[in-house]
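# Notes for the structure review
Listed below are the residues making up each chain.
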Amino acid sequence: MKTPLLERYRALIDLPAHTRTISLHEGDTPLIPMPRLAQQLGGGFELYVKYEGLNPTGSFKDRGMTAAVGEAAGRGVQAVICASTGNTAASAAAYAARAGMRAFVLIPQGKVAAGKLAGAVAYGARVLQIEGSFDDALSLVVEASQRTPVALVNSLNPHRLQGQKTAAFEIIEELGRAPDWLCLPVGNAGNITSYWMGFQQYHALHGSGLPALLGVQAAGAAPLVLARAVEQPETVATAIRIGKPARGEQALAAAQESGGSIVAASDEAILAMQRQLAAEGIWVEPASAAGLAGLAAEVAARRLDLGGKTVVAVCTGHGLKDAEIVASQFTAPRPVAAKLADLVRELETE
Ligand code: F0G
């Protein structure tokens, strides 16, 4: 049997002693070489996708949730709560179910991908749709968790970061050192903060080097690029439809200290990158293509020279999470008679 993620990295993770092991065998996701996409982006560098969509509930959130839910369970808390654009909700629901706890998840009005909502419901969470944005829902759960005995499991919870930083350890161990660049989508900014924590910690212990971080927001939800809150964020990448990131300051500091930056990618560029990734066999949800969409734009504008470098793109969630976005782009399959001659005719037409 596989060792649970937090046990594998026990020596590097700072969690209270009471934390219980609540695991679904998260982490240990593949680092997939993407030679064709690297060529399409100009070539001359090595590109890998860290495919976090292969976690148990289909997103990277499971790394942090095993820690946050395990800590809450160890304290004897009976319920967890979070605000979510969908993936955190599904992950919190699954780990709460595993721990025998209740989960309350608050989602913003509309715009939550059906696959995520279905996950939260399937795992037995109580789903509450707030008449407001993700940012409104987050303020509410923070207050609710202060007044009632439910544990907050958004990435404001420091234990989440302890779990999520393990992705940086896995990347270093697989490459033998840190990559030169790491690009990833930024929403509430917990993940970029976690990666930076993980890379710094491993480097301090083993001299593994530090990547420059390229954090990418969606252009319609880019408060860190605009340096102001966005009251009505809009993007097809609904996972990162966030106007006031909770860990925004830390994300900016991480990008700057690493020698990288935070940039924005348009919805068109995000969807185009989603197709490019799928054309090499990796289907991710739109937000997960944002990191590479931002990287591609920086390279095209000659702000970034990747010659001889190693780049890792974090693809945070599986394409199945948001099947509608793809379904809405094609016309329904044409019916074909169940006859060989008809099928052969189809195969011979373009
Ligand atoms: N990619 C995906 C697929 C996400 O679901 C999220 C965040 C991010 C990237 C950004 O990560 O917030 O740590 O900067 N989703 C949260 C949620 C907000 O509720 O599922 P971040």
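The following paragraphs examine the structure supplied in this document. Source: prediction; values computed, not measured.

## What to know about the overall build of the chain
Within the chain one finds 15 helices and ten strands. Taken against the 2.2 N^0.38 rule, which gives 20 Å for 350 residues, the C-alpha radius of gyration of the chain at 20 Å falls within 12% of a compact globule. Its C-alpha atoms put the chain at 65 × 50 × 45 Å along the principal axes. Counting every position in the chain, which comprises 350 residues, the buried fraction comes to 57%. Taking all contacts inside the chain whose residues are at least 6 apart in sequence as the whole, residues at least 24 apart take part in 72%. Put simply, the chain shows about 15000 Å² of open surface, and 53% of that area lies on carbon and sulfur atoms. For the chain, the centre of its 30 positive side-chain charges and the centre of its 32 negative side-chain charges are spaced 4 Å apart.

## Describing the pattern of salt bridges
Enumeration over the complete set of coordinates arrives at eleven salt bridges. Linking E170 and K50 is a salt bridge whose minimum nitrogen-to-oxygen distance equals 2.7 Å. Taken as a pair, E170 in helix α8 (residues 166-175) and K50 in strand β2 (residues 46-51) lie far apart in primary sequence, 120 residues in all. For the pair formed by E170 and K50, the shared burial category is buried. Across the pair K244 and E231 runs a salt bridge whose closest N-O atoms are separated by 3.6 Å. Here K244 is found in the loop between α10 (223-226) and α11 (248-258), whereas its partner E231 is found in the loop between α10 and α11, with 13 residues between them in sequence. Through salt bridges with shared partners, a single network forms among R8, K50, E52, R63 and E170.

## Some words on α8
Within α8, seven of the ten residues are buried, leaving the element largely enclosed by the surrounding structure. Regarding α8, the residues found buried are T166, A167, A168, F169, E170, I171 and I172. Positioned one or two residues after α8, G176 has a phi angle of 90°, which is positive.

## Structural notes on a nonpolar patch on the surface
A grouping of L340, L343, V344 and L347 is seen on the molecular surface, where their side chains present a nonpolar patch of about 400 Å² in accessible area. Assignment of secondary structure puts L340 in helix α15 (residues 340-348).

## Looking at the sheet that holds strand β6 (residues 151-152)
Read from one edge of the open sheet, four strands run β5-β4-β3-β6, paired in parallel fashion. Looking at which strands have only one partner, the edges of the open sheet turn out to be β5 (126-130) and β6. By the bridge criterion, five bridges tie strand β4 (residues 102-108) to β5 in an arrangement that is parallel. Looking at β5, one finds that L106 is bridged to L128. Contacting β3 (79-83) and β4, helix α4 (residues 87-99) runs over the sheet at an angle of about 175° to β3.

## A word on the site of the ligand
Looking at the ligand, there are 20 residues lining it, with S84, T88, N188, A189 and T316 nearest. Contact between the ligand and K61: a nitrogen atom at 2.9 Å from a side-chain N or O atom of the residue. Between the ligand and the protein, one listed contact pairs an oxygen atom with a side-chain N or O atom of S84 at 2.7 Å. Protein chains shield 99% of the accessible area of the ligand, which is 480 Å² for the free molecule. Looking at the shell around the ligand, the elements that each hand over two or more residues are α4 and α9 (190-206). Here the shell around the ligand is composed, by residue class, of seven nonpolar, eleven polar and two charged. Shared between two domains, the shell around the ligand takes at least three residues from each, and those domains are domain 1 (5-58 + 160-327) and domain 2 (61-158).

Conventions used here
- Residues numbered from 1 in each chain as written.
- Predicted model: local features only at pLDDT ≥ 70, side-chain atom pairs only at ≥ 80, totals over all residues.
- Heavy atoms only, no water.
- Helix = DSSP H or I, 4+ residues; strand = E, 2+ residues; numbered from the N terminus.
- Rg over C-alpha atoms; globule rule 2.2 N^0.38 Å.
- Buried < 20%, exposed > 50% of the residue type's maximum accessible area, 1.4 Å probe, protein only.
- Contact = heavy atoms within 4.5 Å.
- Areas by Shrake-Rupley, 256 points an atom, 1.4 Å probe, with all protein chains shown as cover.
- Lys, Arg positive; Asp, Glu negative; His and termini not counted.
- Charge placed at Lys NZ, Arg CZ, Asp CG, Glu CD.
- Salt bridge = Lys/Arg side-chain N within 4 Å of Asp/Glu carboxyl O.
- Patch = residues over 30% accessible without salt bridge, like charges linked within 9 Å, V, L, I, M, F, W, Y side chains within 5 Å.
- Pairing = 2+ DSSP bridges.
- Axes fitted to C-alpha atoms, helices over the stretch in contact; angles between N-to-C directions.
- Near = heavy atom within 4 Å.
- Polar contact = N/O pair within 3.5 Å; in protein donor to acceptor, adjacent residues only side chain to side chain.
- Nonpolar A, V, L, I, M, F, W, Y, C, P; charged D, E, K, R; others polar.
- Domains from an automatic or database assignment.

Just geometry here; none of it tells us what the structure is for.
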